[in-house]
Amino acid sequence: MAYTLKIRENGSQQEVLDPVRQKWVTLTPEERVRQIFILYLLNVKGFPLSHLSVEHAVTVNGMTQRYDLVVFDEALQPYMVVECKAPHVKLTQKVVEQAGRYNSILRAPLLCVTNGLEHNVFRIDFEIGKTEQVNGF
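In this report, we go over the structure that sits alongside the text.

### A word on the environment of valine 96
As for its position among the elements, valine 96 is in helix H2 (residues 93–106). Relative accessible area serves as the criterion here: at 15%, valine 96 is assigned to the buried category. Considered as a pair, valine 96 and leucine 111 are 15 residues apart in the sequence and their alpha carbons are 8.3 Å apart.

### Quick notes on the sheet that holds strand E4 (residues 52–54)
Strands sit in the order E4-E7-E8-E9-E10-E11 across an open sheet of six strands; the sheet is mixed. Since the sheet does not close on itself, it has two edges, and those belong to E4 and strand E11 (130–134), each with one partner. Pairs of neighbouring strands in the sheet enclose a mean axial angle of 20°, with direction left out of account. Taken together, the four bridges between strand E7 (residues 69–72) and strand E8 (residues 78–84) define a ladder with antiparallel strand orientation. Residue pairing across strands places phenylalanine 72 opposite proline 78, the latter belonging to E8. Here helix H1 (residues 29–44) sits on the sheet and contacts E4, E7, E8 and strand E9 (110–114); the angle it forms with E8, its principal contact strand, is near 150°.

### As for the pattern of salt bridges
Tallied over the full model, the rule gives eight salt bridges. The residue glutamate 31 makes a salt bridge to arginine 21 at a minimum N-O spacing of 3.0 Å. Separated by 10 residues along the polypeptide, glutamate 31 in helix H1 and arginine 21 in the loop between strand E2 (13–18) and strand E3 (23–26) bring together distant segments of the chain. Among the residues examined, glutamate 31 registers a relative accessible area of 5% and is labelled buried. Here glutamate 83 makes a salt bridge to lysine 85, at a shortest N to O gap of 3.3 Å. By sharing partners, the salt bridges in this structure join Asp18, Arg21, Glu31, Arg34, Glu55 and Asp68 into a single network.

What counts as what
Residues numbered from 1 in each chain as written. Predicted model: local features only at pLDDT ≥ 70, side-chain atom pairs only at ≥ 80, totals over all residues. Heavy atoms only, no water. Helix = DSSP H or I, 4+ residues; strand = E, 2+ residues; numbered from the N terminus. Buried < 20%, exposed > 50% of the residue type's maximum accessible area, 1.4 Å probe, protein only. Pairing = 2+ DSSP bridges. Axes fitted to C-alpha atoms, helices over the stretch in contact; angles between N-to-C directions. Contact = heavy atoms within 4.5 Å. Salt bridge = Lys/Arg side-chain N within 4 Å of Asp/Glu carboxyl O.

Okay, structure coming up:
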């Protein structure tokens, strides 16, 4: 099944249909990046829709936070944590650390930060405490 970006007008704002959450959400620049990345995962990488999770709460250091996107593997274990930013936001160490905080709980072997223009992927080995930047996933 091919997925496409579905956009509608709702009053003065645009909304996009999120196939993961199965609902219309406001189309902010960050949301556009997330939705295009979701389409990439579904249509190009072949991940099943059921293996994606968007904006679920995790408790980090006693505080409830929401991750942008998590991709699960065949065993339904976290495979990749994705942090999405608007295209004008630079992918700094601070952005990587934000995604890393979520991943300290989820323990996915891959971490991705993207602003839609640039994508950085890191492989994490929790057993030896090593993180390395990789090309793709």
